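Report on the structure
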Amino acid sequence: MMSNVIEFKTRSELLSDWLKEVINQNGLLEQDVKSALLVWEKKEKDGTSTCMHARFNCDIDNFEWFKRCIEEQCFRNKVAEYLRENISDFLQYIN
(Lines give C-alpha, C1' and ligand atoms only; values in the text may rest on other atoms or scores of the structure.)
Protein backbone atom coordinates (compact mmCIF):
# COMPACT_ATOMS: atom_id res chain seq x y z
CA MET A 1 0.00 0.00 0.00
CA MET A 2 1.43 3.35 -1.03
CA SER A 3 1.00 6.44 1.08
CA ASN A 4 -0.44 9.63 -0.31
CA VAL A 5 2.22 12.25 -0.78
CA ILE A 6 1.03 15.84 -0.71
CA GLU A 7 3.12 18.06 -2.93
CA PHE A 8 4.33 21.12 -1.07
CA LYS A 9 4.64 24.37 -3.00
CA THR A 10 6.31 27.56 -1.92
CA ARG A 11 4.43 30.84 -2.09
CA SER A 12 6.37 31.82 -5.18
CA GLU A 13 5.40 28.55 -6.87
CA LEU A 14 1.74 29.05 -5.88
CA LEU A 15 1.83 32.61 -7.20
CA SER A 16 3.44 31.50 -10.44
CA ASP A 17 0.81 28.77 -10.92
CA TRP A 18 -1.99 31.22 -10.13
CA LEU A 19 -0.71 33.83 -12.61
CA LYS A 20 -0.43 31.20 -15.35
CA GLU A 21 -3.97 30.00 -14.58
CA VAL A 22 -5.39 33.54 -14.71
CA ILE A 23 -3.66 34.20 -18.03
CA ASN A 24 -4.79 30.87 -19.51
CA GLN A 25 -8.38 30.91 -18.19
CA ASN A 26 -8.96 34.43 -19.48
CA GLY A 27 -7.06 34.00 -22.74
CA LEU A 28 -5.14 37.18 -22.03
CA LEU A 29 -2.32 36.50 -24.48
CA GLU A 30 -4.80 35.89 -27.30
CA GLN A 31 -6.87 39.02 -26.61
CA ASP A 32 -6.20 42.57 -27.64
CA VAL A 33 -5.64 43.77 -24.05
CA LYS A 34 -5.72 47.57 -24.00
CA SER A 35 -4.25 47.96 -20.53
CA ALA A 36 -3.62 45.98 -17.37
CA LEU A 37 -3.07 46.57 -13.69
CA LEU A 38 -1.58 44.08 -11.24
CA VAL A 39 -1.81 44.84 -7.51
CA TRP A 40 -0.18 42.84 -4.74
CA GLU A 41 0.69 43.03 -1.07
CA LYS A 42 4.32 42.88 -0.04
CA LYS A 43 5.09 41.92 3.57
CA GLU A 44 8.11 43.61 5.09
CA LYS A 45 10.35 41.88 7.63
CA ASP A 46 8.94 44.09 10.39
CA GLY A 47 5.41 42.80 9.62
CA THR A 48 4.11 45.89 7.84
CA SER A 49 2.45 45.56 4.47
CA THR A 50 2.95 47.65 1.36
CA CYS A 51 0.58 47.76 -1.59
CA MET A 52 2.57 47.34 -4.80
CA HIS A 53 1.40 47.61 -8.39
CA ALA A 54 2.55 47.22 -11.97
CA ARG A 55 0.84 48.80 -14.96
CA PHE A 56 0.78 47.88 -18.64
CA ASN A 57 -0.17 50.72 -21.00
CA CYS A 58 -2.07 52.37 -18.15
CA ASP A 59 -2.09 56.16 -17.83
CA ILE A 60 -3.51 58.03 -14.82
CA ASP A 61 -7.05 58.18 -16.26
CA ASN A 62 -6.97 54.43 -16.86
CA PHE A 63 -5.52 53.89 -13.38
CA GLU A 64 -8.41 55.87 -11.83
CA TRP A 65 -10.91 53.88 -13.92
CA PHE A 66 -9.44 50.65 -12.53
CA LYS A 67 -9.81 52.15 -9.03
CA ARG A 68 -13.51 52.83 -9.62
CA CYS A 69 -14.02 49.32 -10.99
CA ILE A 70 -12.32 47.80 -7.93
CA GLU A 71 -14.46 49.91 -5.58
CA GLU A 72 -17.62 48.75 -7.38
CA GLN A 73 -16.54 45.10 -7.18
CA CYS A 74 -15.76 45.51 -3.45
CA PHE A 75 -19.28 46.86 -2.91
CA ARG A 76 -20.81 43.94 -4.83
CA ASN A 77 -18.75 41.45 -2.81
CA LYS A 78 -19.87 43.06 0.46
CA VAL A 79 -23.53 42.92 -0.59
CA ALA A 80 -23.20 39.28 -1.67
CA GLU A 81 -21.50 38.36 1.61
CA TYR A 82 -24.17 40.17 3.61
CA LEU A 83 -26.95 38.39 1.74
CA ARG A 84 -25.28 34.97 2.20
CA GLU A 85 -24.97 35.55 5.93
CA ASN A 86 -28.48 36.97 6.35
CA ILE A 87 -30.56 35.18 3.70
CA SER A 88 -32.80 33.61 6.33
CA ASP A 89 -33.94 37.08 7.42
CA PHE A 90 -35.09 37.82 3.88
CA LEU A 91 -36.71 34.44 3.23
CA GLN A 92 -39.22 34.88 6.03
CA TYR A 93 -40.52 38.04 4.30
CA ILE A 94 -40.96 36.22 1.00
CA ASN A 95 -43.04 33.37 2.46
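Residues numbered from 1 in each chain as written. Predicted model: local features only at pLDDT ≥ 70, side-chain atom pairs only at ≥ 80, totals over all residues. Heavy atoms only, no water.

On a plain count of helices and strands, the chain comes out with two helices and two strands. Helices and strands in the chain line up, N terminus first, as α-β-β-α. If one aligns the C-alpha atoms of the chain with their principal axes, the spans along those axes are about 60 × 50 × 40 Å. With 95 residues in all, the chain has 6% of them scored as buried. Partitioning the contacts of the chain with sequence separation of at least 6, the portion at a separation of at least 24 is 13%. Total accessible area on the chain is roughly 9,300 Å²; 57% of this is exposed by carbon and sulfur atoms. (Helix = DSSP H or I, 4+ residues; strand = E, 2+ residues; numbered from the N terminus. Buried < 20%, exposed > 50% of the residue type's maximum accessible area, 1.4 Å probe, protein only. Contact = heavy atoms within 4.5 Å. Areas by Shrake-Rupley, 256 points an atom, 1.4 Å probe, with all protein chains shown as cover.)

Another aspect to go through is the packing of aromatic side chains. Per the stated rule, a full pass over the model turns up one aromatic pair. Ring plane angle 55 degrees and centroid distance 5.3 Å describe the contact between Trp65 and Phe66, whose orientation is recorded as tilted. Here the basic side chain of Arg55 rests over the ring of Phe63, its NZ or CZ set 5.0 Å away from the ring centre. (Phe/Tyr/Trp six-rings, centres within 6.5 Å; stacked < 30°, edge-to-face > 60°. Lys NZ or Arg CZ within 6 Å of the ring centre and 35° of its normal.)

For the rest of this paragraph, the subject is the layout of surface pockets. Reported here for the largest pocket is a volume of approximately 880 Å³. Of all elements in the fold, only helix H1 (11-25), strand E1 (36-43), strand E2 (49-56) and helix H2 (60-94) reach the threshold of two or more residues within the lining of the largest pocket. With eight residues, the top contributor of residues to the lining of the largest pocket is E1. Of the residues that constitute the lining of the largest pocket, the class distribution is 18 nonpolar, two polar and five charged. (1 Å grid on protein atoms, 1.4 Å probe; cavity = no way out; pocket = protein on both sides within 12 Å on 5 of 7 lines; lining within 4 Å. Points joined across faces, edges and corners; volume = space filled by probe spheres on them. Nonpolar A, V, L, I, M, F, W, Y, C, P; charged D, E, K, R; others polar.)

Looking at where Ser35 falls in the secondary structure, it is placed in the loop between H1 and E1. Here Asn62 takes part through its side chain, which lies 2.4 Å from a polar atom of the side chain of Ser35. Excluding residues within four positions of it along the chain, Ser35 makes contact with Phe56, Asn57, Cys58, Asn62 and Phe66. (Polar contact = N/O pair within 3.5 Å; in protein donor to acceptor, adjacent residues only side chain to side chain.)

The next point concerns H1. Given 3.6 residues per turn, any residue in an α-helix points the same way as the ones three and four places further on. For H1, which comprises 15 residues, the first-to-last C-alpha distance of 21 Å matches the rise-based estimate of 21 Å (1.5 Å per residue) to within 8%. Positive phi shows up at Gly27, right after H1, with a value of about 55 degrees. (Expected span 1.5 Å × (residues − 1).)

Moving on, we get to the pattern of salt bridges. This model, assessed by the stated rule, comprises three salt bridges. Among the salt bridges present, the one from Lys9 reaches Asp17, with a minimum N-O distance of 2.4 Å. A relative accessible area of 30% means that Lys9 is categorised as partly exposed. Given the relative accessible area of 32%, Asp17 is considered partly exposed. (Salt bridge = Lys/Arg side-chain N within 4 Å of Asp/Glu carboxyl O.)

What follows deals with the side chain of Asn86. Along the chain, Asn86 falls in helix H2. Taking the relative accessible area as the measure of exposure, Asn86 reaches 18% and is therefore buried. In terms of polar contacts, Asn86 uses its side chain to reach the backbone carbonyl oxygen of Tyr82, at 2.8 Å.

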